[in-house]
Amino acid sequence: TGMSQTIESIGDMINKQQYTEAKTAIDAFIANPKNAEKADGWYYKGRIYNSLSYEKTTTPIDAYNFKLQAFDAFKKTQQLDPKDLRLKMEAYNSYMNLYYGFFDLGANFYNGKEFDNAYNSFGKALDVKDYILSKEYTYPELKFYPLDTALVLNTAIAAMQSKNSDGAAKYYRKLTDANVAGDGYQEVYEFLADYYLQKKDEANLQAILVKGKSFYPKN
């Protein structure tokens, strides 16, 4: 039965890419109070759920939810194992994989005009990146920056497209707070000025007008 699955047998399922069976087994394993605090169980959950997010039969929204749960499971693994052996052994590649995975999902949702889902996926890619930076993990093939300008812009634009002006303002503010300016960013300042005007937020409106004028004196 699922309850009697050992962590070793679940590891075998992962190696054989039997992810659906492995999910049933790991869910039962973690549901057993004796196992709920075992770091290995949570690590395997993260691996299995992330793998399921890539299966051809998985819908994009299910893929998003699998990745969310994988991210939580990996963080839980690290809380339960002070030595951090599992993730250290794989050089924290699971986090980079999640970053790319959320990013790609966001792009696919955006191209499919599912702007709300695109906004959530891009936002999650940024959350994973911030987590990676907070832990100071580094990867040979990719350097992460505190401000990923292009991704922040994507997230804000997806919010705008889904008529989520609060979400757009939240991410556009990351750009203006960092004094990002130049070609293509003028509308960011215009959007925020309009947003604060609608909100009757006098203090933020004045601040963004002053900043906007300093970068775009001709406007």
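Residues numbered from 1 in each chain as written. Predicted model: local features only at pLDDT ≥ 70, side-chain atom pairs only at ≥ 80, totals over all residues. Heavy atoms only, no water.

*Asks:* Explain the packing of aromatic side chains residue by residue, including any values.
*Replies:* Describing an aromatic ring pair means giving the distance of the ring centres and the angle of the ring planes. Per the counting criterion, the structure on display carries 22 aromatic pairs. With centroids separated by 5.8 Å and ring planes inclined at 70°, the aromatic side chains of Y64 and F102 adopt a geometry described as edge-to-face. One end of the pair, Y64, is in helix α4 (residues 60–80); the other, F102, is in helix α6 (residues 93–111), and 38 residues separate them in sequence. A single burial state applies to Y64 and to F102, both of which are buried. Ring centres 6.1 Å apart and planes at 85° place the aromatic pair F71 and Y95 in the edge-to-face group. Highlighted residues: F71 in helix α4 and Y95 in helix α6, separated in sequence by 24 residues. For the pair shown, F71 and Y95 are each scored as buried. Of the aromatic side chains, those joined through ring pairs into one cluster are Y43, Y44, F71, F74, Y92, Y95, Y131 and Y137. K45 extends its terminal NZ or CZ atom over the ring of Y49, reaching a point 4.9 Å from the ring centre. Between K67 and the ring centre of Y54, over which it is positioned, the NZ or CZ distance is 3.8 Å. (Phe/Tyr/Trp six-rings, centres within 6.5 Å; stacked < 30°, edge-to-face > 60°. Helix = DSSP H or I, 4+ residues; strand = E, 2+ residues; numbered from the N terminus. Buried < 20%, exposed > 50% of the residue type's maximum accessible area, 1.4 Å probe, protein only. Lys NZ or Arg CZ within 6 Å of the ring centre and 35° of its normal.)

*Asks:* Give me the lowdown on the packing of helix α1 (residues 7–15) against helix α3 (residues 39–52), citing residues and values where you can.
*Replies:* For the pair α1 and α3, the least separation of the axes is 11 Å and the interaxial angle reads 20°. By the criterion of interaxial angle, the relationship of α1 to α3 is roughly parallel. Crossing hand, α1 versus α3: left-handed. Taking contact as the criterion, the partners of I7, I10, G11 and I14 in α1 are, on α3, D40, G41, Y44, R47 and I48. Taken together, the residues of the contact of α1 with α3 sort by class into five nonpolar, two polar and two charged. (Axes fitted to C-alpha atoms, helices over the stretch in contact; angles between N-to-C directions. Parallel < 35°, antiparallel > 145°, perpendicular 65-115°, else oblique. Left-handed = near helix turned anticlockwise from the far one by under 90°. Contact = heavy atoms within 4.5 Å. Nonpolar A, V, L, I, M, F, W, Y, C, P; charged D, E, K, R; others polar.)

*Asks:* Please set out the side chain of N50 residue by residue, giving values where relevant.
*Replies:* Checked against the element boundaries, N50 lands in helix α3. With residues near it in sequence (within four places) discarded, N50 still touches K67, A70, N97 and L98.

*Asks:* With reference to specific residues and values, describe the pattern of salt bridges.
*Replies:* Counted according to the given criterion, the structure contains seven salt bridges. For the salt bridge of D166 with K199, the shortest nitrogen-to-oxygen distance reads 3.3 Å. Taken together, the residues span a long stretch of sequence, with D166 in helix α9 (residues 165–177) and K199 in the loop between α10 (186–198) and α11 (202–215) at a distance of 33 residues. As a salt-bridge pair, R173 and D177 come within 3.0 Å of each other at their nearest N and O atoms. Of this pair, R173 and D177 both sit in helix α9, four residues apart, which is roughly one turn of that helix. Owing to a relative accessible area of 26%, R173 belongs among the partly exposed residues under this scheme. (Salt bridge = Lys/Arg side-chain N within 4 Å of Asp/Glu carboxyl O.)

*Asks:* So what's going on with unusual backbone geometry? Residues and values would help.
*Replies:* One non-glycine residue, K113, adopts positive backbone phi at about 60°. Mapped onto the elements, K113 comes out in the loop between α6 and α7 (115–135). Within the chain, N179 stands out as a residue other than glycine whose phi angle is a positive 60°. Relative to the helices and strands, N179 resides in the loop between α9 and α10.

*Asks:* Any details on the environment of T59? Residues and values, ideally.
*Replies:* Residue placement: T59 occurs in the loop between α3 and α4. When the C-alpha positions of T59 and I7 are compared, they lie 28 Å apart, and in sequence the two are 52 residues distant.

*Asks:* Report on the nonpolar core, specifying residues and quantitative values.
*Replies:* Core analysis: the largest hydrophobic core is formed by 66 residues, its most contacted members being I26, I48, Y95 and Y172. With eight residues, α7 is the largest single contributor of residues to this core. Filtering out sequence-adjacent residues up to four positions away, I48 remains in contact with I10, I14, Y19, A22, K23 and I26. (Core = buried A, V, L, I, M, F, W, Y, C linked by side-chain atoms within 4.5 Å.)

*Asks:* Lay out α9 in plain terms, naming residues and giving numbers.
*Replies:* Helix length check: α9, at 13 residues, gives a terminal C-alpha distance of 18 Å against a target of 18 Å (1.5 Å per residue), a fit within 8%. Taken residue by residue, α9 has G167, A168, A169, Y171, Y172, L175 and T176 as its buried positions. Looking at the buried positions of α9, the neighbouring elements they touch are α7, α8 (149–161), α10 and α11. At the C-terminal side of α9, N179 shows a positive phi close to 60°. (Expected span 1.5 Å × (residues − 1).)

That's the geometry; what it means functionally is another story.
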